[in-house]
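Spelled out, the chains give:
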Amino acid sequence: AQKVTQAQTEISVVEKEDVTLDCVYETRDTTYYLFWYKQPPSGELVFLIRRNSFDEQNEISGRYSWNFQKSTSSFNFTITASQVVDSAVYFCALSEARYNNNDMRFGAGTRLTVKP
Amino acid sequence: DSGVTQTPKHLITATGQRVTLRCSPRSGDLSVYWYQQSLDQGLQFLIHYYNGEERAKGNILERFSAQQFPDLHSELNLSSLELGDSALYFCASSHRDWSTDTQYFGPGTRLTVL
């Protein structure tokens, strides 16, 4: 069964520190999609990134970067030079293309607090 | 503002009742997704509609149903409500599919079942 594990429940850093949020997934499918979402204190969900299983190229978007490694079934998210506005709950999610009727499963989320 | 609207913002009802949550997608988006977020279950995908047809189904209870209308707005119907159905219900939209397009989320409807 597809499964997403975010082992870090809460992380607290001081502004300007780098921080990595871990995401480990399990799937039996060869075609799947991985996602990261952000939920700031305001409560709305924000889509950050999508990766398909055939594209292991790492991605960088400003201070955000993602490291996808199929060998370790991980899709980790790094924030460089963190800012207070990065404080949020971050969710990793997995969708399998063939199995489970395209269902999407979320991890439990990691609450990141960035202190000034 | 994501462009996705959800009504109502808050809903308080009693066990056994039925409610309807409404979602209007961004202009031009054909897909609508529904999610439930609760303290017990976390964030769960419920269902995806594309241009009026069901495209994917997640962990949606049989007491719940959804549809997408010709004008592309969607409704999520929750019946025989239980205390455990109290949650934040999000709607999202994308142009076609989450495998290719960005999803935009609405502000959510907070449902409280007493």
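Conventions adopted
Residues numbered from 1 in each chain as written. Chains lettered and ligands numbered in written order. Predicted model: local features only at pLDDT ≥ 70, side-chain atom pairs only at ≥ 80, totals over all residues. Heavy atoms only, no water. Helix = DSSP H or I, 4+ residues; strand = E, 2+ residues; numbered from the N terminus. Rg over C-alpha atoms; globule rule 2.2 N^0.38 Å. Contact = heavy atoms within 4.5 Å. Buried area = accessible area lost by both parts, 1.4 Å probe. Salt bridge = Lys/Arg side-chain N within 4 Å of Asp/Glu carboxyl O. Polar contact = N/O pair within 3.5 Å; in protein donor to acceptor, adjacent residues only side chain to side chain. Pairing = 2+ DSSP bridges. Axes fitted to C-alpha atoms, helices over the stretch in contact; angles between N-to-C directions. 1 Å grid on protein atoms, 1.4 Å probe; cavity = no way out; pocket = protein on both sides within 12 Å on 5 of 7 lines; lining within 4 Å. Points joined across faces, edges and corners; volume = space filled by probe spheres on them. Nonpolar A, V, L, I, M, F, W, Y, C, P; charged D, E, K, R; others polar. Core = buried A, V, L, I, M, F, W, Y, C linked by side-chain atoms within 4.5 Å. Buried < 20%, exposed > 50% of the residue type's maximum accessible area, 1.4 Å probe, protein only.

1. Structural notes on the overall build of chain B
Reasoning step 1: Across its full length, chain B holds zero helices and 11 strands.
Reasoning step 2: Taken over the C-alpha trace, chain B has a radius of gyration of 13 Å; the compact-globule value for 114 residues is 13 Å, and the two agree within 12%.
Reasoning step 3: Summarising its shape, the C-alpha atoms of chain B cover approximately 40 × 25 × 25 Å along the three principal directions.
Reasoning step 4: Sequence-distant contacts in chain B: of pairs separated by 6 or more residues, those separated by 24 or more amount to 55%.

2. Considering the interface of chain B and chain A
Accessible area lost during the coming together of the parts is what is often quoted as the interface size.
Reasoning step 1: Contact residues are listed per partner, giving 20 residues for chain B and 18 residues for chain A.
Reasoning step 2: Summed over both sides, the interface between chain B and chain A buries roughly 1600 Å², with carbon and sulfur atoms accounting for 57% of that surface.
Reasoning step 3: Among the residues of chain B in contact with chain A, Leu 43, Trp 98 and Phe 105 of chain B are the three that bury the most area, contributing 38% of the side total.
Reasoning step 4: The interface formed by chain B and chain A includes zero salt bridges.
Reasoning step 5: For the interface between chain B and chain A, the tally reads seven residue pairs in polar contact (both at pLDDT 80 or more).

3. Quick word on the sheet that holds strand β1 (residues 5-7) of chain B
Residue and element names in this part refer to chain B.
Reasoning step 1: Pairing within the open sheet is antiparallel, and its four strands lie in the order β1-β3-β8-β7. In this open sheet, the two strands that pair with only one neighbour each are β1 and β7 (64-68). The average angle at which neighbouring strand axes cross in this sheet is 15°, direction not considered.
Reasoning step 2: As judged from the five bridges shared by β7 and strand β8 (residues 74-78), these two strands associate in the antiparallel manner.

4. So, the layout of surface pockets
Reasoning step 1: Roughly 670 Å³ of volume is contained in the largest pocket.
Reasoning step 2: Around the largest pocket sit 31 residues that line it, and Gln 39 and Arg 111 of chain A together with Gln 37, Ser 38 and Leu 39 of chain B are the ones nearest its centre.
Reasoning step 3: Going through the elements one at a time, β10 (88-96) and β12 (110-115) of chain A together with β4 (31-38), β5 (42-50) and β9 (87-94) of chain B are the ones with two or more residues in the lining of the largest pocket.
Reasoning step 4: For the lining of the largest pocket, the element with the highest residue contribution is β12 of chain A, accounting for four residues.
Reasoning step 5: Among the residues making up the lining of the largest pocket, the classes are represented as 12 nonpolar, 15 polar and four charged.
Reasoning step 6: Approximately 240 Å³ is the volume found for the second largest pocket.
Reasoning step 7: Looking at the lining of the second largest pocket, the elements with two or more residues in it are β1 (3-5) and β11 (104-106) of chain A together with β5 of chain B.
Reasoning step 8: Ranked by residue count, the leading element in the lining of the second largest pocket is β5 of chain B, at four residues.
Reasoning step 9: Counted by class, the lining of the second largest pocket contains six nonpolar, seven polar and three charged residues.

5. Digging into the nonpolar core
Residue and element names in this part refer to chain A.
Reasoning step 1: Among the nonpolar cores identified, the biggest contains 23 residues, and Trp 36, Phe 77, Tyr 90 and Leu 112 are the most heavily contacted of them.
Reasoning step 2: Of all the secondary structure elements, the ones that give two or more residues to this core are β2 (10-14), β3 (19-21), β5 (32-39), β8 (64-69), β9 (74-79), β10 and β12.
Reasoning step 3: Tallying contributions element by element places β10 first for this core, with four residues.
Reasoning step 4: The residues contacting Leu 112, other than those within four sequence positions of it, are Ile 11, Val 13, Val 19, Ile 79, Asp 86, Ser 87, Ala 88 and Tyr 90.

6. Brief notes about the pairing of β9 of chain B
Residue and element names in this part refer to chain B.
Reasoning step 1: With eight of its eight residues buried, β9 lies for the most part within the structure.
Reasoning step 2: Residues of β9 alternate between two faces, with Ala 87, Tyr 89, Cys 91 and Ser 93 on one and Leu 88, Phe 90, Ala 92 and Ser 94 on the opposite face, all of them buried.
Reasoning step 3: Pairing analysis gives seven bridges linking β4 to β9, with the strands arranged antiparallel. Residue pairing in the sheet places Trp 34 in a bridge with Cys 91 of β9.

7. A few points about the side chain of Thr 13 of chain B
Reasoning step 1: Mapped onto the elements, Thr 13 of chain B comes out in strand β2 (residues 10-13).
Reasoning step 2: Residues in contact with Thr 13 of chain B, not counting those within four places in the same chain, are Val 19, Leu 81, Leu 111, Thr 112, Val 113 and Leu 114 of chain B.

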